[in-house]
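Chain residues, written in single-letter form:
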Amino acid sequence: MNTIKNHRSDARKCQQKQADKMLEKSVERFEPAVVGDTVMVPVPEVDRGRCEFRNVKAIVVECQSNALYRLGTKQGLLKQAYSRNQFTPVKEKFLQISDVPLEKELSLREVARGDSVGNGQGFVKCGCKTGCISGRCRIEKAHIIYV
């Protein structure tokens, strides 16, 4: 029974040691961001259309004590806090903190849709045989530009 407890405690110690080592490597690889830095946040493929931007421009608004960052865009603050390995700093200054409406919180998908050139996640194609002249087309009623 004692040997099982010893093995478990050794495993716990080794796992903690491995986690600490991973954190040290992460800190070495990714330099900390400073409030006011412009960053690019990658948008997952499921949250954007094929011709939409791969990244969202954001600015570091707040550095929290647990190495998490609050990011803001022109549409508002991003809902989740990001760790340093989830975004890439940029040399150019695209945004100022004064450009961010701090009272509005949005998801990354909502921000990507606001930045999109089209209508969000994908393309809309009209299948009307009459060429949308009948007035029944849902795309025509919604005033969507389609391909």
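Anything mentioned here points back to the structure above.
Residues numbered from 1 in each chain as written. Predicted model: local features only at pLDDT ≥ 70, side-chain atom pairs only at ≥ 80, totals over all residues. Heavy atoms only, no water.

Caption draft 1: How the structure looks around the overall build of the protein. Scanning the protein from terminus to terminus reveals 3 helices and 7 strands. For the protein, the residues scored as buried account for 27% of the 147 residues in total. A sequence separation of at least 24 residues applies to 55% of the contacts in the protein between residues at least 6 apart. (Helix = DSSP H or I, 4+ residues; strand = E, 2+ residues; numbered from the N terminus. Buried < 20%, exposed > 50% of the residue type's maximum accessible area, 1.4 Å probe, protein only. Contact = heavy atoms within 4.5 Å.)

Caption draft 2: Just a nonpolar patch on the surface, in detail. The grouping of V34, V35 and I97 at the surface amounts to a nonpolar patch, some 220 Å² of accessible area in total. Judged by its relative accessible area of 43%, V35 falls in the partly exposed class. (Patch = residues over 30% accessible without salt bridge, like charges linked within 9 Å, V, L, I, M, F, W, Y side chains within 5 Å. Areas by Shrake-Rupley, 256 points an atom, 1.4 Å probe, with all protein chains shown as cover. Salt bridge = Lys/Arg side-chain N within 4 Å of Asp/Glu carboxyl O.)

Caption draft 3: Spotlight on the layout of surface pockets. Put simply, the largest pocket is a space of about 260 Å³. Lining of the largest pocket is provided by L23, S26, V27, F30, E31, P32, N66, A67, Y69, S83, R84 and N85. Broken down by element, the lining of the largest pocket gets its largest block of residues, 3 residues, from helix α1 (residues 2-29). (1 Å grid on protein atoms, 1.4 Å probe; cavity = no way out; pocket = protein on both sides within 12 Å on 5 of 7 lines; lining within 4 Å. Points joined across faces, edges and corners; volume = space filled by probe spheres on them.)

Caption draft 4: Up close: the side chain of R84. Residue placement: R84 occurs in the loop between β5 (82-83) and β6 (88-89). Lacking a salt bridge, the buried R84 has E31 as its closest oppositely charged neighbour, with an N-O distance of 7.0 Å. Only 2.7 Å separates the side chain of R84 from the backbone oxygen of E31, close enough to count as a polar contact. At 2.8 Å, the side chain of R84 forms a polar contact with the backbone oxygen of F87. Those residues in contact with R84 that sit more than four places away from it in its chain are F30, E31, A33, A67, Y69 and P89. (Lys, Arg positive; Asp, Glu negative; His and termini not counted. Polar contact = N/O pair within 3.5 Å; in protein donor to acceptor, adjacent residues only side chain to side chain.)

Caption draft 5: Quick look at the packing of aromatic side chains. On inspection of all chains with the given rule, the structure shows 1 aromatic pair. The interplanar angle of 90 degrees and the centroid separation of 5.5 Å between the aromatic rings of Y69 and F87 together place this pair among those described as edge-to-face. On the criterion of sequence distance, the pair formed by Y69 in strand β3 (residues 68-72) and F87 in the loop between β5 and β6 is long-range, its members being 18 residues apart. Judged by its relative accessible area of 6%, Y69 is buried. Classification of F87 as buried rests on a relative accessible area of 3%. Here the basic side chain of K57 rests over the ring of F94, its NZ or CZ set 5.5 Å away from the ring centre. (Phe/Tyr/Trp six-rings, centres within 6.5 Å; stacked < 30°, edge-to-face > 60°. Lys NZ or Arg CZ within 6 Å of the ring centre and 35° of its normal.)

Caption draft 6: Structural view of the pattern of salt bridges. Under the criterion given, the structure shown has 2 salt bridges. Between K93 and D37 there is a salt bridge; the shortest N-O distance is 3.9 Å. Taken as a pair, K93 in the loop between β6 and β7 (105-106) and D37 in the loop between α1 and β1 (38-42) lie far apart in primary sequence, 56 residues in all. Take D37: its relative accessible area is 22%, and that puts it in the partly exposed class. E105 is paired through a salt bridge with R70; the nearest N and O atoms lie 3.2 Å apart. Of the two residues, E105 is situated in strand β7 and R70 in strand β3; the sequence distance between them amounts to 35 residues. E105 gets classed as partly exposed once you look at its relative accessible area, which sits at 40%.

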